[in-house]
Amino acid sequence: MMMKQLRAALASLAVLTVLTGFVYPLVVTGIAQVVFREQANGGLVLRDGHVIGSRLIGQPFDDPKYFWGRLSATGPSDYNAAASSGSNYGPMSDALLDAVKSRVEALRAADPENANLIPVDLVTASASGLDPHISPASAEYQIARVARVRGLTEVRVREVVARHTSGRQLRLLGEPTVNVLSLNLELDALDGK
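Every value quoted in this text rests on a predicted model; they were computed, and no experiment measured them.

Here's the deal with the overall build of the chain
- A count of helical and extended segments in the chain gives six helices and five strands.
- In terms of C-alpha radius of gyration, the chain reaches 23 Å, well past the compact-globule figure of 16 Å for 193 residues.
- Over its C-alpha atoms, taken along the principal directions, the chain stretches across nearly 85 × 45 × 35 Å.
- Of all 193 residues assigned to the chain, the portion counted as buried reaches 29%.
- Within the chain, contacts between residues at least 6 apart in sequence are counted, and of these 57% link residues at least 24 apart.
- Total accessible area computed for the chain in this model is approximately 12300 Å², and 62% of it derives from carbon and sulfur atoms.

And the structure:
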């Protein structure tokens, strides 16, 4: 009786191992490669055959000629995809307040003439710490600085921002966003012309 139960248990283990350890992952991977190919492959951006970034993971930009993204709360380095996490700072946290003050000072120092209100997503981290997008308001806040540093008109920079602004998903979910990497790469291409 015990041998019969042992054989049944081992057979179940073998079948479930094959199903959940091999068949299911292959099916899900296959579907992802067909339906969501870019996302399944990391949204990688290539230049001259080399990976220079991902449209799905934020990257640090601190040069005034670039649009700056959201803060990253990952460690030990910013935008570390292996350590995705939020800061877990509450609204009354002194550490959060210090981080916000520091970022406000950096934004004001980079563009002292800009007296507009700073959008909240420019001074806070996203829940994952990896957000590659900013709000259109955050892009608008930075247009004058980027245009001035690059020697472009604000109208021209605003046109580039509009091309990299995505609307709500299904016209219903989320908020409009601007992909920072794609935006900065197009601006670099303009500089190269």
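Here's the deal with the pattern of salt bridges
- Enumeration over the complete set of coordinates arrives at ten salt bridges.
- Residue E154 pairs with R158 through a salt bridge whose shortest N-O separation is 3.9 Å. Within this pair, E154 and its partner R158 are both found in helix 5 (residues 154–163), separated by four residues, close to a single helical turn.
- Taking the shortest distance from any N to any O, the salt bridge between E186 and R163 comes out at 2.3 Å. Taken as a pair, E186 in helix 6 (residues 180–192) and R163 in helix 5 lie far apart in primary sequence, 23 residues in all.
- The network of salt bridges with common partners includes D111, E113 and R148.

A look at the packing of aromatic side chains
- Summed over the entire model, instances satisfying the criterion amount to one aromatic pair.
- Between F61 and Y66 the ring centres are 5.1 Å apart and the planes differ by 45 degrees, which places this aromatic pair in the tilted class.
- A relative accessible area of 16% means that Y66 is categorised as buried.
- R145 extends its terminal NZ or CZ atom over the ring of W68, reaching a point 4.3 Å from the ring centre.

Rules used throughout
- Residues numbered from 1 in each chain as written.
- Predicted model: local features only at pLDDT ≥ 70, side-chain atom pairs only at ≥ 80, totals over all residues.
- Heavy atoms only, no water.
- Helix = DSSP H or I, 4+ residues; strand = E, 2+ residues; numbered from the N terminus.
- Rg over C-alpha atoms; globule rule 2.2 N^0.38 Å.
- Buried < 20%, exposed > 50% of the residue type's maximum accessible area, 1.4 Å probe, protein only.
- Contact = heavy atoms within 4.5 Å.
- Areas by Shrake-Rupley, 256 points an atom, 1.4 Å probe, with all protein chains shown as cover.
- Salt bridge = Lys/Arg side-chain N within 4 Å of Asp/Glu carboxyl O.
- Phe/Tyr/Trp six-rings, centres within 6.5 Å; stacked < 30°, edge-to-face > 60°.
- Lys NZ or Arg CZ within 6 Å of the ring centre and 35° of its normal.

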